[in-house]
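Listed below, chain by chain, are the residues.
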Amino acid sequence: MRMPPTAPEPARRRFGPRIALVVIAVLLIILLLSARGLAVLFTDKLWFDDLGFGSTWTTLLWAKIEPALLFSGVMFAVMLVNLIVADKLGPKFRSTGPEDEIIDRYRTFIAPYEGRLRVGISVLFGVLVGVGASAQWKVWLLFENRVSFGQKDPQFHKDIGFYVFQLPFLHFLFQWLFVVFIVVLLVTGVFHYLNGGIRFQAPFQRVTPQVKAHLSVILALMAFTKTAQYWFGRYGLATSHRGVVEGPSYTDVHAQLPALQFLVLISIVGGVLFLVNIWRRGWTLPIIATGLWAFISIVLGTAYPAYVQHYVVKPNEGSKERTYIERNIAATRQAFGLNNVKVHNLDTDNLSANDLTNTDSRATLDNVRLWDPSVLADQVNLRQSFFSYYAFKTMAVDRYAIGSAPPTLELVSPRELGGTLNNNTWQNEHLVFTHGVGGVVVSGSHVTGNNGTFDPNYNLSDLPPSGDQSLKPNPSGVYFGTGLGGYAVVDTKTAEVEGGKNRSQSVAASHPETGVPVSSFLRKAAFAARFGDVNLLFSDRLTSDSRIQFVRDVRSRLQKAAPFLTFDSQPYLVILPDHSMDWVVDGYTTTDQYPYSQHARNNGNDPSGGLGTNVNYVRNSVKAVVNAYDGSVKLYVIDKQDPILRAWRKAFPHMFTDASKMPQGLAEHLRYPTDLFTVQTETYSLYHTTDPGQWYSGSDQWAVSPQPNTRVSGSFAATATQANGRVQSAGPRARPQYLMFHLPGDPTGSQSFVLTRAFVPASPSGGTDNQLSSFIAARSDGFDPNGGGSYGQLVVYQVSPTGSNEQVASPFLAANQIQADQTISSKLSLLDQHGSSVQLGTVQLLPLGNSIAYVQPVYVQAAGDSTFPRLTFLAAFSNDHAFLLSGASAAIAVGDTIGAKTSTGTQPTTTPTTTPSVGGSASALELAIKAAADQYQTDTKNGNYAKAGQDLQSLLALVAELPKTATSTTTPGSSTTTAPKSTTTASATTTTVAGG
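Thresholds, definitions, all that
- Per chain, the residues get numbers from 1 upward, laid out in the order the sequence is written.
- The predicted nature of this model means local features are confined to residues of pLDDT at least 70 and side-chain atom pairs, given and counted, to a pLDDT of 80 or more, with totals for whole chains, interfaces and linings taken over all residues.
- With hydrogens and water set aside, each side-chain value is computed from the structure's full complement of heavy atoms.
- Think of it this way: any DSSP run of H or I at least four residues long counts as a helix, any run of E at least two long counts as a strand, and we number them from the N terminus.
- Lining residues are those with an atom within 4 Å of a point, where the points come from a 1 Å grid over the protein atoms alone and group into cavities, where a 1.4 Å probe fits but cannot get out, or pockets, open sets with protein on both sides within 12 Å along at least five of seven lines.
- Grid points are joined across faces, edges and corners, and a volume is the space filled by probe spheres set on the points.
- Gly is put with the polar residues, along with every residue not named as nonpolar or charged; the nonpolar set is Ala, Val, Leu, Ile, Met, Phe, Trp, Tyr, Cys and Pro, and the charged set is Asp, Glu, Lys and Arg.
- Looking at any residue, its pLDDT shows the predictor's confidence there, from 0 to 100.
- Throughout, a residue-residue contact means that at least one pair of heavy atoms, one from each residue, lies within 4.5 Å.
- Burial status follows relative accessibility: with a 1.4 Å probe on protein chains alone, a residue under 20% of its type maximum counts as buried, one over 50% as exposed, and anything between as partly exposed.
- Here a strand pair is declared whenever DSSP counts at least two bridges between the two strands.

What follows covers unusual backbone geometry. Across the junction of L463 and P464, the peptide omega takes the value -10 degrees, indicating a cis bond. One can find P464 in the loop between β8 (455–461) and β9 (466–467). In this structure, the amide linkage connecting N474 to the following residue, P475, adopts the cis form with an omega of 0 degrees. Relative to the helices and strands, P475 resides in the loop between β9 and β10 (477–478). Backbone geometry places D491, a non-glycine residue, at a positive phi of 60 degrees. Structurally, the position occupied by D491 is in the loop between β11 (487–490) and β12 (497–498).

See below:
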């Protein structure tokens, strides 16, 4: 600012020391307030170093600092230059007015500090406007390390990489510059007022010509910035939401795009007029330019596209949007990895005995999954936790070769720290109870027990771990798992506890040589500040060898180590041949900037875990591995061609490991990820068709099959709504299932470990939920690091009923028919009373030859807090008939019962069987069931739970005999049949429930 030539010198001496003291005080306050932030920064560096990712921490930190410094520096320079110019252009003499007295006082007071004031204001706005750019660090890194996709969009013919890597940064840059010039214009205007260049109450000239020229330059820069925004805004149409699909629609191409191009010219003309005004120094040209610009922007940028959309496109939407729908279909299938789906037509017919005699079908029945993870978790937690501070939080379906047998379905769960402590002292929480131990491996297709109920068959269990030698973990400590917060300190003077048969037999655990050493006072103080816990600073239990472990939750650990990736919501544990335990978590690269691609579909009822719906491109390019014992992290690259991952590898060259270096034992346990599969199947239900006309009409639109066993007012329900012409499912959809079966048409004859989901025809009313359209399987076997194996292949089987079949039943209908069957419903009603509860398991779709069958486990949980669900029956459905089979029956019985049907659906007559223990009559059996139920209820009321458990066993055994007391002759089309007598013996303790 221009100040009077003479200013009181003593003022500099009077206020200098005071200002210095104020500055020192402010700095001390800032230091105290940022102590925790500095501690977090310092301990984060130590954490990354402990992982071996020290260079990653440096890159991440610099990625945030670099744009902040750059943009703050630009803002500082632009502001300072304009403030200096404003001071130079201030008038030396101006006529006095009512405003001058206040201004003169201000100028007299600030005169000694005018230079520092300009710098201070520039620094302030530089920090306020520039530091926010650090939040764009991902955009910044991708821009710096951009690569080519090798594909061009069909509208602008630009490489896809331009939209993914460059355009987001350019949008941010010019939006930021526009804000900068607005701030500079306002602050400069204030300084011109303080310098006398602007007077609101002057009788003559209110704004000097020099000020008009200065402000005109700033306005011209704003106009040219807007030119750049319009220019790159054209490419922003690549993800437009205006039309029936995402991407440039008819209106965007024929109305919005020409409007933006014309606005580019208008903004250039406006900027030139502002520059011309430097010499004219009036307000006429700026007002004309601004008014014309605003008018054209409203008419061409808003009104005209709206007119075209409503009066040109809407009456002819199918034909007008055909080209753009076709582009959207191609882009969406490419972006979600659906362009290489293998489609097979499956001509289905009634299941016959011949379908069950081949080896493939028998092997499929051998692998029927008897335990739902959620049901099994309840039983495992009650029977295998042993101590209150342990819990089983995850239950992963995988496949393992037990002994010399081929791989079979197994359910794996680690015994993690996560229960409750009897004494919540600081030492117990952080020094003693630091980790879980071992885990369980449960056979998915074998059970143990008799008398009508069956329990899991453990291949690994107990403490210390016992079971199959190949599954025994070593070391067995689980220091890193799911849901672990806070921190633990290992190698202290206090012995850690590792569970034994009881608390008194606990032994001091071995502990991993990982964690951040807390060997100095500075480190202890930093961690004490980070966690707000002074015990770390003053405890005498810590030694120079002690190490602190934090960020112990596996997903949080990976997200912190690689915050630019998205991780699957379901980590799963793998026990490797070397007996180590590794958590495997699928890592995704995503963007929402893929041209013409539709955003992920969710329907509001189908959670997609970590992915969400704000993505229109996803690749499962990384398999992340966290060792459960020492927390070490490996990021294996399984998709080298993914352009986004290639960009991240350029930014973090030392972070990733090629899949070729993955241990073979780990590669054999890779699973196709559920979050990705959920998003892909929701998308494929609409994008399985590639014909734009058919897509627009919705004549062949699918929906994921509704979740069975969902009841509303006692009846199954699945609803749907319709929005923008597209069916939106409103009821819960069936979750993906890991199963093992023979894929129809697979020439290898092997059992495939797959992730499956079924589709039904989409309907606004949900009236087609009973009909199976197709099912999809994602293969998890045959991983090849070079991409040549079968892993990741998506196979769709479109069912086409033949013969007398009009349609193939969906899983939803199968579950409905199972519960509607009179014999089954009566059994379930008897069991679902007196405090007991029946739980219906997952309905499993099984392709057997050219037929479809369904199997559903049925569990019963007795009354009482210490009980758990137990397998009781297997329900099956095929050929429009439902069956309820004893849980002791092998799946060969399932096959024999279903296969006994003729092609007409008639069940052959068999000799009725009776239950000798109750006299051989149905009435006697009913009386025995009633007596057993009454006794069970009496013992439950009296609190004699042990006796009640025995009563329940007897009741279940009697109920299991119900089908044997009735003649099995049925009429064609009947929905009730009976199973043949089980060929297994009552004394068997281990039963193979899927194929004997």
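So, about the layout of surface pockets. Taking a probe equal in size to a water molecule and rolling it over the atoms shows the remaining empty space. Of the volumes computed, that of the largest pocket is approximately 960 Å³. In terms of lining residues, the largest pocket is bounded by 34 residues, among which R619, I638, D639, Y791 and G792 are the most central. Of all elements in the fold, only β19 (617–627) and α22 (674–687) reach the threshold of two or more residues within the lining of the largest pocket. The element contributing the most residues to the lining of the largest pocket is β19, with four residues. Here the residues of the lining of the largest pocket sort into 14 nonpolar, 15 polar and five charged.

Turning our attention to the confidence of the model for the protein chain. Confidence in the prediction of the protein chain, expressed as mean pLDDT, is 82, and 79% of residues score 70 or more. Here residues 501–508 is modelled with pLDDT under 50, and outside its nearest four sequence neighbours on either side it reaches 18 contacts, counting other chains as well. Note on residues 965–996: pLDDT under 50 across the span, and 88 contacts to partners over four residues away in sequence or across chains.

What follows is about the pairing of strand β33 (residues 851–861). With eleven of eleven residues buried, β33 lies mostly within the body of the structure. Of the two faces of β33, both are covered, the one formed by S851, A853, V855, P857, Y859 and Q861 as well as the one formed by I852, Y854, Q856, V858 and V860. For strand β31 (residues 837–840) and β33, the ladder comprises four bridges, and the chain directions are antiparallel. Note on β33: the bridge partner recorded for Q839 is Y859. Of the strand pairs in this sheet, strand β32 (residues 844–848) and β33 are connected by five bridges, and their pairing is antiparallel. Its bridge partner lying in β33, L846 is registered against A853. Linking two consecutive strands that pair antiparallel, namely β32 and β33, is a turn of two residues; a positive phi of about 65 degrees is found at G849 within it.

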